[in-house]
Amino acid sequence: MAESLEPSLVDFFSDHSLFSIERVEVFTHRVSTRTEFLFVRMIAVEGEIGWGEASFNDLNGQVIVALRILADAIQGSSIDKARNYLVDLPAWKYGRAYQIALSALEQAMADIQSQRLGLPFGALFGSPQRTRIPCYANINRGTTDRSPEGWAKRAQKATLKGFPAIKIAPFDGVVGGAECLKSVSFKEGVDIIAAVRGSVNSKIDLMLDCHWKFDLNSAISLLDKVAEYKLAWLEAPIYEDYLAIGELCKIRRKANESGMKLAGGEYLDGVRATSPFIQSDAYDVINPDIRLCGVNGSLCIAIEADSNSIRYAPHNHLGPIMTAVNLHLMSVAPNAMTLEIQFEEVDIEPKLVPPTLYTPISGYLDVPNGPGLGVDVNFEALVSIPLC
């Protein structure tokens with residue numbers, strides 16, 4: 001499988017699929033006090049419309065500035081010229097906002113490209129291997145009652161909606177370091193894990209996201225304290241940079257001894273940053289973020305991870321375009337595991353996209369039918385952001 005997948009933004013272009021960019025538009029949609037979606041709409045001279053997502057909440061203002069600069073440079077250009085311009089930009093030099101903006105434009109171009117070829121989005125990058133993708137509910141942001149009972153009720157609601165797995169992040173009040181295990185916040189976090197585990201069927205997988213709150217020693221101790229709850233994976237226990245790889249390998253070995261997987265890597269910036277973690281077997285599950293890695297880069301990471309028997313489960317905690325893109329990528333990616341869905345932060349589904357995009361059936365989400373992303377966005381629900 002991996003050998004047949006060689007994703008490239010150059011290889012799939014044909015005369016029939018070429019187009020010129022008439023204009024790029026940017027829209028927002030406020031979901032909650034914490035979350036605001038940021039979307040790109042690209043309109044081809046030939047009439048097709050492509051969508052991309054650039055949501056990054058507190059960074060959205062900087063991303064809009066980057067989009068303003070990039071849109072001005074590519075509007076009126078052919079896809080070849082626009083693609084070459086964007087590929088040549090050193091995103092690492094200009095910062096994270098540029099990476100996010102470039103990814104959104106890449107998504108939109110590929111959406112139009114696949115429409116013109118009459119193909120599903122994912123088929124640009126490889127032969128579809130699956131039409132349904134396993135999923136899990138991230139219940140963190142929508143849980144306003146942060147008591148153990150509140151978390152448990154939310155977990156029960158998600159399972160009743162058809163999700164076969166739940167992810168929680170109960171340690172956000174923990175301050176890292178050797179003394180953190182003695183804190184009230186840590187004890188409350190363990191109580192939450194116990195409450196959620198006890199509130200759902202034992203067949204429901206439970207994932208624990210630590211949001212980098214621990215160091216090596218406290219992460220090892222944490223694994224001992226939560227072993228009885230039969231967690232499916234432990235995610236992001238310590239800060240993830242190149243110097244942390246050795247410690248992550250130790251945490252992974254300890255987690256595996258307890259029957260858990262170690263997941264992480266959501267803020268690693270692209271293929272070059274992620275590769276050392278994969279080659280060192282730092283994780284059982286890699287969580288690349290399409291905003292930082294791009295469409296093509298995410299698939300390259302999935303392929304490399306597969307060669308090291310590491311599962312691919314993209315970081316996907318925001319909006320519907322990001323979800324649609326990741327569903328398509330997982331339909332062609334090797335070793336695809338499960339897709340994260342932000343569960344009912346608010347009731348956004350009927351406002352923006354058809355509710356079926358977020359509604360699992362027997363634990364799976366259907367990959368949208370093509371051509372393109374196959375998602376109809378409710379344009380009237382969006383707020384336009386001027387780019388000039």
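Residues numbered from 1 in each chain as written. Predicted model: local features only at pLDDT ≥ 70, side-chain atom pairs only at ≥ 80, totals over all residues. Heavy atoms only, no water.

## What to know about the overall build of the chain
The condition that has to hold: Numbering of helices and strands starts at the N terminus; helices are DSSP runs of H or I of at least 4 residues and strands are runs of E of at least 2. For the radius of gyration, the atom set is restricted to C-alpha positions; the globular benchmark scales as 2.2 Å times the number of residues to the power 0.38. A contact between two residues is defined here by any heavy atoms of the two lying within 4.5 Å. In this count, Lys and Arg are taken as positive residues and Asp and Glu as negative ones, while His and the chain termini are left out. Taken as the charge centre is NZ of Lys, CZ of Arg, CG of Asp or CD of Glu, depending on the residue.
Summing up its helical and strand segments, the chain has 12 helices and 13 strands in all. In terms of C-alpha radius of gyration, the chain reaches 21 Å, essentially the compact-globule figure of 21 Å for 388 residues. Considered along the principal axes of its C-alpha atoms, the chain spans approximately 60 × 40 × 35 Å. In the chain, of all internal contacts separated by at least 6 residues, the share reaching a separation of at least 24 is 74%. Averaging the coordinates of the 35 positive side-chain charges in the chain and doing the same for the 47 negative ones gives two points 5 Å apart.

## Overview of the packing of aromatic side chains
Using the following cut-off: Two rings from Phe, Tyr or Trp (for Trp, the six-membered ring) form a pair when their centres are within 6.5 Å of each other. A pair whose planes differ by under 30 degrees is stacked, one over 60 is edge-to-face, and the rest are tilted. Categorising residues by exposure relies on relative accessible area from a 1.4 Å probe, with only protein chains included: less than 20% of the type maximum marks a residue as buried, more than 50% marks it as exposed, and the intermediate range marks it as partly exposed. For a Lys NZ or an Arg CZ to count as sitting over a ring, it must be within 6 Å of the ring centre and within 35 degrees of the ring normal.
All told, the structure shown has 13 aromatic pairs when counted by the stated rule. Between tryptophan 212 and tyrosine 267, the ring centres sit 5.5 Å apart and the planes meet at 25°, which makes this aromatic pair stacked. Linking tryptophan 212 in the loop between strand 6 (205-209) and helix 7 (216-226) with tyrosine 267 in the loop between strand 8 (261-264) and helix 9 (270-279), this pair joins segments that are 55 residues apart in sequence. Tryptophan 212 gets classed as partly exposed once you look at its relative accessible area, which sits at 26%. Judged by relative accessible area, tyrosine 267 falls into the partly exposed class, the value being 31%. Positioned over the ring face of tyrosine 364 is arginine 132, at 4.0 Å from the centre of the ring.

## Points about the pairing of strand 11 (residues 339-342)
Applicable threshold: For two strands to count as paired, DSSP must find a minimum of two bridges between them.
Both faces of strand 11 are covered, namely the face carrying Leu339 and Ile341 and the face carrying Glu340 and Gln342. Direction of pairing for strand 4 (residues 132-138) relative to strand 11: parallel, over a ladder of four bridges. If you follow asparagine 138 over to strand 11, its bridge partner there is glutamine 342.

## Focus: the sheet that holds strand 1 (residues 21-30)
Applied cut-off: Note on geometry: axes are C-alpha line fits, over the in-contact stretch for helices, and angles between N-to-C directions span 0 to 180 degrees.
Spatially, the four strands line up as an open sheet ordered 3-2-1-13, and their pairing is antiparallel. In this open sheet, the two edge strands, each paired with only one partner strand, are strand 3 (49-53) and strand 13 (383-385). When the angles between neighbouring strand axes are averaged without regard to direction, this sheet yields 30°. Relative to strand 13, strand 1 is paired through three bridges, and the arrangement is antiparallel. Counted as the bridge partner of phenylalanine 27 is serine 384 from strand 13. Contacting strand 1, strand 2 (36-44) and strand 3, helix 4 (residues 96-117) runs over the sheet at an angle of about 150° to strand 3.

## Focus: the pairing of strand 5 (residues 165-168)
Stated precisely, the cut-off is as follows: Here a crossover is taken to be right-handed if, once the strands point away from the viewer, the path from the first strand over the helix to the second is traced clockwise.
On strand 5, burial covers both faces: Ala165 and Lys167 on one face and Ile166 and Ile168 on the other are all buried. Pairing geometry for strand 4 and strand 5, over two bridges, is parallel. Opposite asparagine 138, over in strand 5, you have lysine 167 as the bridge partner. Relative to strand 6, strand 5 is paired through four bridges, and the arrangement is parallel. In the sheet register, alanine 165 faces strand 6, and the bridge partner there is aspartate 205. For the handedness criterion, the β-α-β arrangement of strand 5, helix 6 (residues 184-199) and strand 6 is classed as right-handed.

## Quick look at unusual backbone geometry
With an omega of 0°, the peptide bond between glycine 370 and proline 371 qualifies as cis. The backbone of asparagine 57 sits at a positive phi, close to 50°, despite the residue not being glycine. Relative to the assigned elements, asparagine 57 resides in the loop between strand 3 and helix 1 (60-74). Classification of asparagine 57 as buried rests on a relative accessible area of 17%. A positive phi is found at asparagine 335, a non-glycine position, where the angle reads about 60°.

## A word on helix 6
Here is the rule: How far a helix is expected to stretch is found by multiplying one less than its residue total by 1.5 Å.
The end-to-end C-alpha distance of helix 6, which contains 16 residues, comes to 22 Å, matching closely the 22 Å that a straight helix rising 1.5 Å per residue would cover. Within helix 6 the residues assigned to the buried category are Phe186, Gly189, Val190, Ile192, Ile193, Val196, Arg197 and Ser199.

## Remarks on the nonpolar core
In summary, soluble globular proteins display a tendency toward joint burial of nonpolar side chains. Here is the rule we go by: To form a nonpolar core, buried Ala, Val, Leu, Ile, Met, Phe, Trp, Tyr and Cys residues must be joined to one another through side-chain atoms within 4.5 Å.
Formed by 89 residues in total, the largest nonpolar core has its most connected members in Ile139, Ile166, Ile168, Phe171, Ile193, Phe214 and Leu329. The leading source of residues in this core is helix 11 (residues 320-332), at eight residues. If we ignore the near neighbours within four places in the chain, the residues touching isoleucine 168 are Ile139, Trp151, Ile192, Ile193, Val196, Leu206, Met207, Leu208 and Asp209. Core analysis: the next-biggest nonpolar cluster, separate from the first, contains 35 residues, Leu38, Leu70, Ala97 and Ala101 among them.

Purely geometric numbers; function is a separate question.
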